[in-house]
Each structure stands twice: as structure tokens, then as C-alpha cells.
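# Fold and geometry: a report
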Amino acid sequence: MKRWVAFWNIVTKDMRAYYLKPPNVSWGLIFPFAWTAMFFIKSGRGLESVLSVLPGVVAISILFGTTSMLAVTVTFEKKSRSFERLLLAPIPLELLMLAKTGGAILFGMVNAFVPVIAALFLADLSGVSWWQVVPAVALISASSTFLGLFIAVAVSEVFEAQTFSNFFRFPMIFLCGLFFPISALPVFLKPLAYLIPLTYGADILHGAFHRGNTLPIGLDFALISISCAVLFYLSIRNIHRRWIQ
Amino acid sequence: MAILEADGLRKHFNGIVAVDGVSFAVAEGSVFGFLGPNGAGKTTTINMLTGLARPTAGRILYEGNDVTDRLKQAQHLMGVVPDESNLYPELTGFENLCFCAALYGLAKAEREARAHRLLESFGLTEAAGRKFAGYSKGMKRKLAIAAGIIHAPRILFLDEPTAGIDVASARNIRQLIDELRRGGTTIFLTTHYIEEAERLCDRIAFIVKGRIVRIDDVAALLKPIQDRYVTAFTARGVTPALVESLRAAFPHLDFEIQPSDQLRAESAAPITIGPIVRFFEEQGHEVTEARRVQPSLEEVFVRLTGIESAAMKKEKEKQGGGA
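If you're wondering where the values come from, they're calculated on a predicted model, not measured in any experiment. (Residues numbered from 1 in each chain as written. Chains lettered and ligands numbered in written order. Predicted model: local features only at pLDDT ≥ 70, side-chain atom pairs only at ≥ 80, totals over all residues.)

A separate point is the overall build of chain A. Within chain A, the regular secondary structure consists of 10 helices and 0 strands. From first element to last, N terminus to C terminus, chain A shows the α and β order α-α-α-α-α-α-α-α-α-α. Here the C-alpha atoms of chain A give a radius of gyration of 18 Å, agreeing with the 18 Å that 2.2 N^0.38 yields for 245 residues. When the backbone C-alpha atoms are referred to their principal axes, chain A occupies close to 55 × 40 × 35 Å. The buried share of chain A, taken over its 245 residues, is 47%. Within chain A, counting contacts between residues at least 6 apart in sequence, those at least 24 apart form 78% of the total. (Helix = DSSP H or I, 4+ residues; strand = E, 2+ residues; numbered from the N terminus. Rg over C-alpha atoms; globule rule 2.2 N^0.38 Å. Buried ≥ 20, exposed ≤ 12 C-beta atoms within 10 Å, placed from the backbone. Contact = placed C-beta atoms within 7 Å.)

And the structure:
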């Protein structure tokens with residue numbers, strides 16, 4: 001019980017201190033809207049293209065909302081030494097890091113549904129498999145956040161966190177099958193595509209929105225869940241190695 | 001009974017030895033001073049004792065239990081106030097205290113009551129609703145101490161609690177430390193201010209280059225110098241030749257040149273100042289000041305470490321150490 005008091009307070013503190021700040025709220029709203037509009041105009045088609053564009057916009061909104069936010073906030077707290085206060089709390093490191101990432105995961109999920117809500121006014125979403133969308137959004141959000149954590153542990157300066165985030169994010173956008181099918185990628189890039197957790201999240205969303213998945217949905221869920229676990233495990237191991245030397 | 005014991009603690013960083021076989025015991029309810037110059041290994045030792053660093057070798061025991069590899073299990077016993085404030089600038093003083101209490105699992109009503117109580121006793125009630133970023137250095141320090149004790153720890157680690165703050169705030173903090181000790185909290189104190197350690201501590205360990213060079217009760221540390229009489233003379237142009245002639249004229253006294261035109265005379269018997277001043281004048285040197293030096297812990301520190309405490313303080317202040 002006591003551990004959950006700490007867990008919940010870390011999540012709510014981060015939400016108030018970082019994620020609900022006006023610049024982040026506006027980022028969470030404007031960014032998905034801008035992406036939606038851009039792809040919608042680029043498609044050159046009418047409203048029928050909304051369902052095929054939506055998975056990409058949802059995934060990118062999550063990816064950009066979570067990775068840099070978490071990487072920057074954790075790096076900032078590490079630099080200002082307030083992270084030490086958390087490390088001194090009598091709660092297991094795994095629970096502590098789940099609490100630190102919890103706020104970013106929720107932020108990512110809220111970001112994801114901004115374009116979905118916008119799409120409700122533009123297209124018929126009655127055929128969407130929401131039971132697949134909601135867990136997919138949660139898992140994409142978790143994997144992107146854990147990627148942010150992995151980055152945060154690898155760097156020591158806030159600007160490095162930003163740069164390093166982009167190093168991962170931009171190639172991911174083009175390799176994960178959101179806008180180009182993986183089958184259309186050059187042979188040497190295909191293995192890379194299957195190493196990216198977002199590939200499986202994007203595939204679930206394509207399936208949920210317009211039956212456009214290329215892998216079995218169950219396999220997608222299994223692989224993105226495994227990716228989350230691996231990223232989290234690697235981050236915890238690196239925290240032990242780098243921060244609690 | 002010892003609440004904390006360090007047994008042969010060692011820490012290497014990339015082949016460099018930061019702490020080299022440090023051993024000590026901290027009695028429950030006491031104030032334990034950990035003194036040494038910059039880079040002596042004080043903060044590394046605290047980090048190992050609190051779980052922020054892993055020892056390369058050695059054991060850490062809390063309440064007699066070896067928790068070296070599972071310090072998380074002992075963290076509920078400890079409060080830590082680092083040398084630099086690490087509270088959240090975007091939260092108010094009250095929010096910071098409540099958040100710190102929540103990290104130790106305190107229920108909402110309890111943490112709010114404790115936060116109010118501490119803000120009042122630290123004289124910060126009026127600033128409770130202000131963001132921490134806007135606090136003065138002294139206020140930040142006080143709030144950091146309040147955050148360190150809000151969960152009522154059995155042992156409080158205070159790293160340079162009065163460095164870089166004004167005299168009045170430093171006095172307040174020393175009073176607070178005294179009150180905490182009287183309330184039964186064990187205090188592990190590191191400081192550059194030797195007189196502060198002398199005033200507050202029951203027992204002191206001196207650490208130099210990662211090794212403890214002396215550890216004892218304050219009274220025992222002071223005993224050898226309490227039986228000595230020391231007088232400091234200030235005179236222009238003190239030379240080694242003059243010191244040699246002084247030694248010849250006053251063979252029962254030990255003379256030593258100090259920085260800033262100072263000369264120290266030391267003896268097991270009381271020193272009569274008049275003949276020495278006259279001797280100076282006969283040699284053509286005017287004595288501008290002659291004063292008896294009270295035996296203090298600073299003397300012990302200088303003898304053990306070879307480091308002037310004034311130089312150590314200056315170095316710390318240059319770093320902007322403190323809240």
C-alpha cells in the first residue's frame with residue numbers, strides 16, 4: 001500500500017509538473033492536428049483516406065509526445081539531482097521507473113486520441129475495432145516511453161536527450177510501415193524494420209482501422225509487448241550500471 | 001548501540017581509489033561528524049551508505065543487519081539532505097514536503113499535517129504557498145532539511161548543511177540540528193566548518209584521501225591540545241633566522257612560522273608574552289598583535305591533515321557550495 005502511495009504521487013507530480021503545463025498541452029493538441037492535416041492534404045484524396053492516414057498520425061503523435069518528453073524530464077531531474085531524491089525512496093527501482101514513465105504513457109495515450117476525436121467529425125469510424133485500438137495505443141505509448149527512458153539513461157545533458165531522440169525517431173517513422181509498406185522497403189532495411197517496436201503497433205492500428213495489417217494481430221501484440229519488456233529491462237540495467245555505480 | 005556501521009568500505013572509479021577501507025560505527029542518538037577536505041571521499045561514502053553508489057568492497061550494517069547488497073531495505077530509516085538543494089523548483093514549499101512524505105508512503109492527511117508542522121517550526125509558513133524556485137538560499141536549506149526529516153528518519157545524513165548561507169540562517173540550522181539530536185535522531189554530519197563540528201558533534205572521523213586518519217569522541221580529540229598553551233604573534237618580516245634566534249632565546253617554547261606574517265609559540269606551560277615581544281623589538285621587528293589561541297578542533301584537524309581549515313572553507317565557498 002505504502003509503495004502505491006509513492007507510485008501514485010510520482011505519477012501525479014509529473015503530470016502536474018511537466019505534462020499538464022500549457023506548452024505541452026498545446027504540443028499535444030497542435031502536433032497531432034498538424035500531422036493529420038498534412039497527410040490528409042498530401043493524400044490528395046477525399047475523406048475516404050482518413051482511415052488509412054489515421055494509424056500513422058496516431059502512432060507519430062504518441063512517438064513524438066512521449067520519447068522526448070520522458071528523455072528530457074528524466075535527464076533534467078538527473079542533472080538537477082532531484083532524481084536522487086527518488087532513488088533514495090524506499091521503493092523498488094522497477095516500481096519507481098514505472099511511476100516515472102506512467103505519466104508519459106498517459107500523456108502519449110491522450111495525444112493519440114486527439115486525431116481520433118478529430119476524425120470522428122470527418123469519417124465513419126463505426127467499423128474500427130476499438131478493442132484493438134485501445135491496447136495498441138497503450139502499448140505504443142509504453143514502448144515509445146521506454147525508448148525515451150533508454151535514451152535518458154544513455155545521456156547526461158538535456159540537449160543530448162533531444163538529439164538522441166531524433167536519431168531514433170525519424171528513421172523509425174519511415175521504417176515502421178506507417179506510410180510505406182515494409183514490403184516496399186529495400187531488402188537490407190527490412191530486418192531493421194522488424195526490430196522497431198512501432199512496426200508492430202502500426203500494424204495493429206492498420207488492422208484495427210482498415211483491416212490493413214500484414215502480420216497476425218496476436219503476433220503483433222506479443223512482439224510489441226516483448227519490446228516493451230526488453231526496453232524497460234535494458235533501461236533498469238543501465239540505471240544500475242550508470243546511475244548507482 | 002550502533003545504528004550504522006561501515007566495515008572496510010572501498011570504492012574505486014575506473015581504477016582511482018575514492019574511498020579506501022573506511023570503517024566506523026555511529027551510535028544511535030548521536031551526532032557523528034565526517035570531516036575532510038574536498039575530494040577526500042566524504043560524499044562518495046555518504047552515497048554508499050544511502051544507496052546512491054555501490055561499494056567496491058566492504059560491508060554496511062544498519063541496526064546490526066548487513067544490508068550492503070540490499071540498501072533499499074534500509075532506506076526507510078534514513079533521511080538525506082544533500083549539499084545542493086534537490087527539491088522541485090516548480091512545486092511550492094508545501095507541495096515539496098507533501099511529495100517527499102508521499103515517497104515514504106505517508107497517507108495524505110498525515111503528510112499534510114506533518115508538512116504544516118514542519119513549515120511552522122522552520123519559520124516557513126508564510127512561504128508555504130510560494131514556488132521553491134523563489135526561495136532564498138537559507139530558506140531552501142531549511143526546506144531541504146524539513147524534507148529530509150518529514151518521514152521521521154532514525155538517521156539523518158546532512159551534507160554541508162550551512163555552506164553558502166548567511167550567518168543567521170546557519171545559526172538557525174545549527175539550532176535545528178541540536179533539537180533533532182535532543183529528539184533522538186541520529187545525525188551523520190559532513191561540514192567544512194570545523195568549529196561547527198566541534199560544537200555539534202559527539203564523535204568525529206577525519207578522512208583524507210579516502211582514508212580515515214583519526215576517529216574519536218570530540219573530548220578525546222581535544223585532550224592532547226587542551227594541555228598545551230599557544231600564543232600567536234603577528235610581526236612584519238618574520239624570517240627563519242629570527243625564528244632560530246627565538247628558539248635559542250626561549251628553548252622551552254616551540255616556534256613555528258605561519259602564513260600572513262604570523263608566528264606561533266607553543267608550550268606545555270603558560271607563555272609570558274612580554275619577554276618575547278621585547279625580544280622581537282630588540283631584533284628590530286614590531287609586534288602588531290599577540291593573542292592567546294584557545295585550543296580547538298581546528299588545531300587537531302590541521303595537525304592530522306596538514307590542511308588549513310580556512311583554506312578548506314575558502315575552497316568550498318569558491319565552489320558556491322550550499323543551498
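On we go from here.
To continue, consider the sheet that holds strand S14 (residues 287–293) of chain B. Residue and element names in this part refer to chain B. Read from one edge to the other, the open sheet built from 4 strands follows the order S12-S13-S11-S14, with strand pairing classed as antiparallel. Both outer strands of the open sheet, strand S12 (254–258) and S14, are each paired with one neighbouring strand and no more. Shown here is a sheet whose adjacent strand axes are inclined to one another by a mean of 20°, direction ignored. Across 6 bridges, the pairing between strand S11 (residues 229–235) and S14 is antiparallel. What sits directly across from Thr234, in S14, is Glu289. Where helix H9 (residues 273–282) meets the sheet, its contacts fall on S11, strand S13 (262–267) and S14, and the angle it forms with S14 comes to roughly 155°. (Pairing = 2+ DSSP bridges. Axes fitted to C-alpha atoms, helices over the stretch in contact; angles between N-to-C directions.)

Many descriptions give the size of an interface as the accessible area lost when the pieces come together. The partner chain B presents 23 residues to the 19 residues of chain A that form the contact. Sorting the residues of the side of chain A that touches chain B by element identifies helix H1 (2–19) and helix H4 (82–87) of chain A as the ones contributing at least two each. Ranked by residues supplied to the side of chain A that touches chain B, first place goes to H1 of chain A with 7 residues.

All names here are of chain B. A rise of 1.5 Å per residue sets the reference length of helix H3 (residues 108–121), with its 14 residues, at 20 Å; its end C-alpha atoms lie 20 Å apart and thus fit the reference within 8%. On the buried face of H3, the contacting elements are helix H2 (93–102) and helix H4 (137–149). Looking at the residues trailing H3, positive phi occurs at Gly123, about 70°. (Expected span 1.5 Å × (residues − 1).)

What follows is about the packing of helix H5 (residues 93–120) of chain A against helix H10 (residues 217–242) of chain A. Residue and element names in this part refer to chain A. Close contact between H5 and H10 brings their axes to 11 Å; oriented N to C, the two are set at 115°. Here the hand of the crossing between H5 and H10 comes out right-handed. Listed contacts from H10 to Leu93, Glu94 and Met97 of H5 are Ser235, Ile236 and Ile239. The class makeup of the residues in the contact of H5 with H10 is 4 nonpolar, 1 polar and 1 charged. (Left-handed = near helix turned anticlockwise from the far one by under 90°. Nonpolar A, V, L, I, M, F, W, Y, C, P; charged D, E, K, R; others polar.)

Glancing now at the environment of Ala27 of chain B. Tracing the backbone shows Ala27 of chain B in strand S2 (residues 16–27). You can call Ala27 of chain B partly exposed: it has 14 C-beta atoms within 10 Å.

Another point: the sheet that holds strand S1 (residues 2–13) of chain B. Strand order across the open sheet formed by 4 strands is S2-S1-S4-S5 (chain B), with antiparallel pairing between neighbours. Edge strands, defined here as strands with exactly one partner in the open sheet, are S2 and strand S5 (65–66) of chain B.

On any regular strand, side chains alternate: one points to one face of the sheet, the next to the other face. Residues and elements named next belong to chain B. Relative to strand S10 (residues 211–217), strand S9 (residues 203–208) is paired through 6 bridges, and the arrangement is antiparallel. Paired with Ile204 across the strands is Asp216, a residue of S10. Taking the residues between adjacent antiparallel strands as the criterion, S9 and S10 are bridged by 2 residues, where Lys209 takes a positive phi near 50°.

Once that is clear, we can look at the confidence of the model for chain B. All names here are of chain B. Looking at chain B, the pLDDT average stands at 89 and 94% of residues meet or exceed 70. Ranking the helices and strands of chain B by mean pLDDT puts strand S4 (residues 57–62) first, with 97, and helix H11 (residues 309–318) last, with 60. Listed scores for the predicted complex are pTM 0.84 and ipTM 0.86. (pLDDT = per-residue confidence, 0-100.)

The backbone phi angle of Arg211 of chain A is positive, close to 55°, even though this residue is not glycine. With respect to the element layout, Arg211 of chain A can be found in the loop between helix H9 (197–210) and H10. Residue Lys209 of chain B is not a glycine yet carries a positive backbone phi of 50°. Position of Lys209 of chain B among the secondary structure elements: in the loop between S9 and S10.

Here we come to the pairing of strand S3 (residues 31–35) of chain B. All names here are of chain B. With 5 of its 5 residues buried, S3 lies for the most part within the structure. Here S3 shows two buried faces, one formed by Val31, Gly33 and Leu35 and the other by Phe32 and Phe34. Alignment of S3 against strand S8 (residues 186–190), held across 4 bridges, turns out to be parallel. Its bridge partner lying in S8, Phe34 is registered against Thr190. Bridging between S3 and S9 involves 4 bridges; their strand directions are parallel. Along S9, the bridge assignment pairs Gly33 with Ile204.

Further remarks concern the packing of H1 of chain A against H5 of chain A. Residues and elements named next belong to chain A. Where H1 contacts H5, the axes come no closer than 8 Å and their chain directions differ by 40°. In this view, H1 runs oblique relative to H5, as classed from their interaxial angle. Along this stretch, H1 crosses H5, giving a crossing that reads as right-handed. On the side of H1, the interface is formed by Arg3, Phe7, Ile10, Val11, Asp14, Met15 and Tyr19, while H5 contributes Leu95, Ala99, Lys100, Gly102, Gly103 and Phe107. For the contact of H1 with H5, the residue count by class is 8 nonpolar, 2 polar and 3 charged. (Parallel < 35°, antiparallel > 145°, perpendicular 65-115°, else oblique.)

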